[in-house]
Amino acid sequence: MEPSENILEVRDLITAFDTDSGQVTAVDSVSFDVPRSRTLGIVGESGCGKSVTALSIMRLLPQPMGKILGGSIQLDGKDLLLCSPEEIRKVRGARISMIFQEPMSALNPVQRIGKQLSEIFLLHRPEMSKKDAWNASIDILHKVGIPSPEIRVGEYPHQLSGGMRQRVVIAIALALKPQLVIADEPTTALDVTIQAQILALMKSLQHEMGMSIIMITHDLGVIAETCDRVVVMYAGRVAEMGTADQIFHNPQHLYTDGLLKSIPRLENQRKSKLATIPGLVPALQNLPIGARFASRSPSPVSEAYLQSEAYKTTRPSLKEVEPGHWVEDCPAVLVESMGQGSPEDL
Ligand SMILES: Nc1ncnc2c1ncn2[C@@H]1O[C@H](COP(=O)(O)OP(=O)(O)O)[C@@H](O)[C@H]1O
Ligand SMILES: [Mg+2]
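Residues numbered from 1 in each chain as written. Chains lettered and ligands numbered in written order. Predicted model: local features only at pLDDT ≥ 70, side-chain atom pairs only at ≥ 80, totals over all residues. Heavy atoms only, no water.

### With respect to the environment of V222
To keep it simple, the criterion reads: By definition, any uninterrupted DSSP run of H or I lasting at least four residues is a helix, any uninterrupted run of E lasting at least two residues is a strand, and each is numbered from the N terminus. Partly exposed residues are those whose accessible area sits between 20% and 50% of the maximum for their type, while under 20% is buried and over 50% is exposed, using a 1.4 Å probe and protein chains only. Only heavy atoms matter for contacts: two residues are in contact if any of them lie within 4.5 Å across the pair.
Here V222 lies in helix α9 (residues 220–226). Its relative accessible area of 4% is what places V222 among the buried residues. In this structure the C-alpha to C-alpha distance between V222 and I57, which are 165 residues apart in sequence, comes to 22 Å. Sequence-distant contacts of V222, that is, excluding residues within four places in its chain, are made with T187, Q195, L199, M215 and T217.

Below you can see the structure in the form of structure tokens.
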């Protein structure tokens, strides 16, 4: 069988949490592909289900509240949802690894950096001696651009700057040359210059090592810098997905359009008010079955839709508007239905 062009295929993933006020569905039947050696971006406002999607793939949902209720997650043809806990432990780190937003939380504050790195090698590569593992740790620190790695291996995380710590976290994530790296807001905690350096580093390591990346961010600027394909999530669902070019230059969903308009641009800086999308993300407890963004996109079409039976009973499917470009199939949330110039135009 030909290997698929995708390293990861997520289909109809449903992830829910048991809470005091009942079960909430954080990820509501989400599907997407991650092409080999490419970067897929997942973007959307805080709370839309990006991290829960990542934790579902890693099988690291908080227990016992978090549950995957349906779907499949195929890594190179193997369904991760069918793996035993022991199998999934082997996949983690070696085949898929994750980079979190806050580097300190991923590092052990009381252990030398070299020890933390060595342990990964020793755990997954039993043939390595301690000395080999220590040397491999120095090599990987060198690769992620840490100066004097042979000195740094002997230091503790607090002795490094935030940017250097995130490089260590990247080194840990890449140590075993995984096929897929999931980076969840990897640069959000860093200042802009360091952010650009870290994104450039990830890109060059991707060229060198050929891994695929899922880049999770609320920042379309980061997406523009790094991604080949983009999934736009809204309230636990995919609103739109396509190539970065399609999403940036031909957005079809009013939510994508709103996110694009809220990016600060140099030419807008004299304007005092930055465009934001009006309204709130609906609470997960009482979500409609229909198109969820409709309540935030005022127009005669959406007013009529919100009163309709379809809003209460029918989930819109995704339609392919051009090859590889999919959008929620509901006029109330489509850019075309707004005609020329929306009220929020800058
Ligand atoms: N531990 C949890 N317990 C209950 N609900 C949770 C938990 N973690 C996340 N959720 C729910 O899942 C939704 C999506 O969260 P998350 O994926 O973290 O959002 P984000 O897109 O900001 O990463 C949240 O809005 C929240 O309602
Ligand atoms: Mg998150």
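Moving on, there is more to tell.
### Examining the confidence of the model for the protein
This is how the line gets drawn: Along the chain, pLDDT gives the predictor's confidence residue by residue, from 0 to 100.
Across the protein, the average pLDDT comes to 91, with 94% of residues at 70 or higher. Confidence drops under pLDDT 50 across residues 340–346; counting only partners more than four residues distant or on other chains, this segment forms nine contacts.

### Some remarks on the site of ligand 1
Using the following cut-off: Throughout this document, a residue counts as near a molecule or strand when at least one of its heavy atoms sits within 4 Å of that molecule or strand. Between N or O atoms, a polar contact is any pair within 3.5 Å; within protein, one atom must be a potential hydrogen donor and the other a potential acceptor, and residues adjacent in sequence are included only when both atoms are from side chains. Each accessible area value is a Shrake-Rupley result obtained with a 1.4 Å probe; residue values ignore everything except the protein chains displayed when judging cover. Charged residues are taken to be Asp, Glu, Lys and Arg, nonpolar residues to be Ala, Val, Leu, Ile, Met, Phe, Trp, Tyr, Cys and Pro, and polar residues to be all remaining types, Gly included.
Around ligand 1 sit 13 residues, and of these G47, G49, K50, S51 and V52 come closest. G49 places a main-chain nitrogen or oxygen 3.1 Å from an oxygen atom of ligand 1. S51 is positioned such that a nitrogen or oxygen atom in its side chain is 2.8 Å from an oxygen atom of ligand 1. Bound to the protein, ligand 1 loses 67% of the 560 Å² it would expose on its own. Where the shell around ligand 1 is concerned, the elements lending two or more residues are β1 (6–19) and α1 (50–58). Of the residues forming the shell around ligand 1, the biggest block, three residues, is contributed by α1. Here the shell around ligand 1 is composed, by residue class, of six nonpolar, five polar and two charged.

### Notes on the side chain of S212
Among the structural elements, S212 can be located in strand β8 (residues 212–217). On the basis of relative accessibility, which here comes to 1%, the residue S212 falls in the buried class. Within the structure, the side chain of S212 is placed 2.9 Å from the backbone nitrogen of S37, a separation counted as a polar contact. Every residue in contact with S212, bar those within four places of it in the chain, is listed here: I7, V34, P35, R36, S37, R38, Q179, L180, V181 and Q206.

### Describing the domain arrangement of the protein
Cut-off, in case you're wondering: The domain limits used here are those given by an automatic or database domain assignment. Defined here as a combined quantity, buried area equals the accessible surface (1.4 Å probe) lost by two parts on assembly, summed across both.
Annotation of the protein at the domain level lists domain 1 (6–95 + 178–338) and domain 2 (109–172). Distance from the C-alpha centre of domain 1 to the C-alpha centre of domain 2: 32 Å. If you look at the interface, domain 1 gives 13 residues, while domain 2 gives eight residues. Both sides together, the interface formed by domain 1 and domain 2 hides about 840 Å², and carbon and sulfur atoms give 72% of it.

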